[in-house]
Every structure is written in structure tokens, then in C-alpha cells.
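Now for the letters of each chain:
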Amino acid sequence: MAKAKMNKGNLKKKLASPIVTIALFAAAAAMLLGSTIGGARAALTYYSENYTSRVQMYNIGVSLLENGTRIAWRDYGEESDGTWDETEGYLFSNMLQEDEKFRMGKTYPEVLSVHNSGSIEEYVRVYIYKYWENEDGTKNQELTPDMIDLNLVNLGSHWLIDEEASTEERTVLYYRHILGVDEESVPFTDTLTVNGVVAAKVSQVVEINGKYKTIKTIYEYDGVQFGVEVEADAVQTHNAEDAIWSAWGRRVNIAEDGTLSFR
């Protein structure tokens, strides 16, 4: 997964933009390591990294919360010099107990939400990516993203799925309400479950060498890794319909009470 980069040379131009937007990118991946498989469900290790990018103005901030913990953020200061406070965190960092191994097929709490850590009100959009990769980094076409169940919640009442922008690997969500300063959104996920069939697909090979017989267990998906990525964007509420169209390319309607809907 490539790190998102910001072009600092364009910072001054971006700061002058009438559209206030910020993006927070959080990625997590897990790998099934064939070399360490004893019991297949104990072989899943995980790692993650977080990046931030696409900042266009000060006074705005966005944070990603996982199970109530602020794990990554980028917040712009009150000055127009482009300074900001940011940190990188880790998805899944608090999901397991000490010395606990990740188990395929087990459901884990994974409550994700967005917090307005800036000083102006904002609208929020979230991207969720799910995919499988082979050990060499190529996409695995046999395993579908549906086998990575990051369960979505509060759809309709608080979060809207943008069906036009969503694909099999990508889900795009819009928060329907204005997110006030220091306010946390209603969660958009609550659990994570990775289908255990990935570790369960095994075969055995019998090798006979003289009077000795060896039985080898072969795991069909050795070396396969799954990826989960979350990207949250925030845009100003001033002239919101035009700002969202300009920043995100989506036509929306904003009701008098601030509620967002798709055109």
C-alpha cells in the first residue's frame, strides 16, 4: 500500500481555496504466514499504518476513532501558515489481548467513527476498502472482499451509502448530519470478522521414503493477506452543496436543518 503524499509546493495555493477539506487515511492489513502455520487460526498476524493527505485550508480537523480511542488525526491550527498537528496510529491495535492470536472466523469489536477535531463545523465522507493480496502483492481474485466482514451500522438514519461511487472492494459513506466542533459521529462499523474458510482449505499429501511415511498438510492460501483501509474526508458547511460538488464530485441536497441527501 503506497503512502499518500502531499505536494508542499502547492500548499499556498490550496490554502487560498474557498473549499475547506481534509482527508485522513488509515490502513490495516493482515497476513496469513504459511511458514508459521501450526493451527491455521493462530497463524494470522497483522500490521497497519496510517497516512494523511489532501489538505486545503486551516481551522479544520478530522480524527479516526477505533473502539473509543483516537488512533489517527490531522488538525490544522488557527494560523494561515499551513501548520498542523498530526499523528499516525494503528488499526486493530487494541483489538487483541496481550499474547492473544488473531482467529479466523471470530467476531471482534471494531467500532469506527469520526471525530471533528478542528474548530469549524464540517460534513464527513468515509471510504472503506477491503481486498485480498497474494504474497507477491498481486490481487487475489479467488477470495472476495465479502469474506472480510467489517459490519456496517446506522445506515439510512445517520450514514448513507453512495451506490454510484461504491464497488465490490470500496464502500463510500456520507454522514447525513453536520459534525459540530469536538463532536463524534455515530459509528459506521461495529465488528470485524474474517471468514475462516481461508484457513480451513487444506489438503494432505502422503510421502513414503522406505519404511517411513510422512503426511504433509498443505494450506491452499498460504501467504495470502487481507487488507482493510479507511479514509475519512471533511468539508466545510459554508456553501456546502457547492463545496461538496467541487471537492468530492457528488451532487447533494442540504435541508434547512443541515441534513444531507443525494440528488
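Residues numbered from 1 in each chain as written. Predicted model: local features only at pLDDT ≥ 70, side-chain atom pairs only at ≥ 80, totals over all residues. Heavy atoms only, no water.

Take unusual backbone geometry next. If you check the backbone angles, Asn154 has positive phi at about 60° while not being a glycine. With a relative accessible area of 29%, Asn154 lands in the partly exposed category. Even without being a glycine, Asp182 presents a positive backbone phi close to 65°. Take Asp182: it is sitting in the loop between β10 (170–175) and β11 (189–194). On the accessibility criterion, Asp182 (58% relative accessible area) is exposed. (Buried < 20%, exposed > 50% of the residue type's maximum accessible area, 1.4 Å probe, protein only. Helix = DSSP H or I, 4+ residues; strand = E, 2+ residues; numbered from the N terminus.)

In this section: the confidence of the model for the protein. Of the residues in the protein, 70% reach a pLDDT of 70 or more, and the chain-wide mean stands at 75. Considering only residues more than four positions removed or in separate chains, one finds that residues 1–18, a stretch of pLDDT under 50, has 29 contacts. Per-residue pLDDT stays below 50 along residues 28–56; that stretch engages in 103 contacts with residues further than four places along the chain or on separate chains. (pLDDT = per-residue confidence, 0-100. Contact = heavy atoms within 4.5 Å.)

Most of β10 sits out of view: 5 of its 6 residues are buried. Sheet topology places strand β7 (residues 122–133) next to β10; 5 bridges connect them, and they run antiparallel. When the bridges of β10 are listed, Ile128 appears paired with Thr171. Bridge count between strand β9 (residues 159–161) and β10: 3 bridges; the pairing is antiparallel. Its bridge partner lying in β10, Leu160 is registered against Tyr174. (Pairing = 2+ DSSP bridges.)

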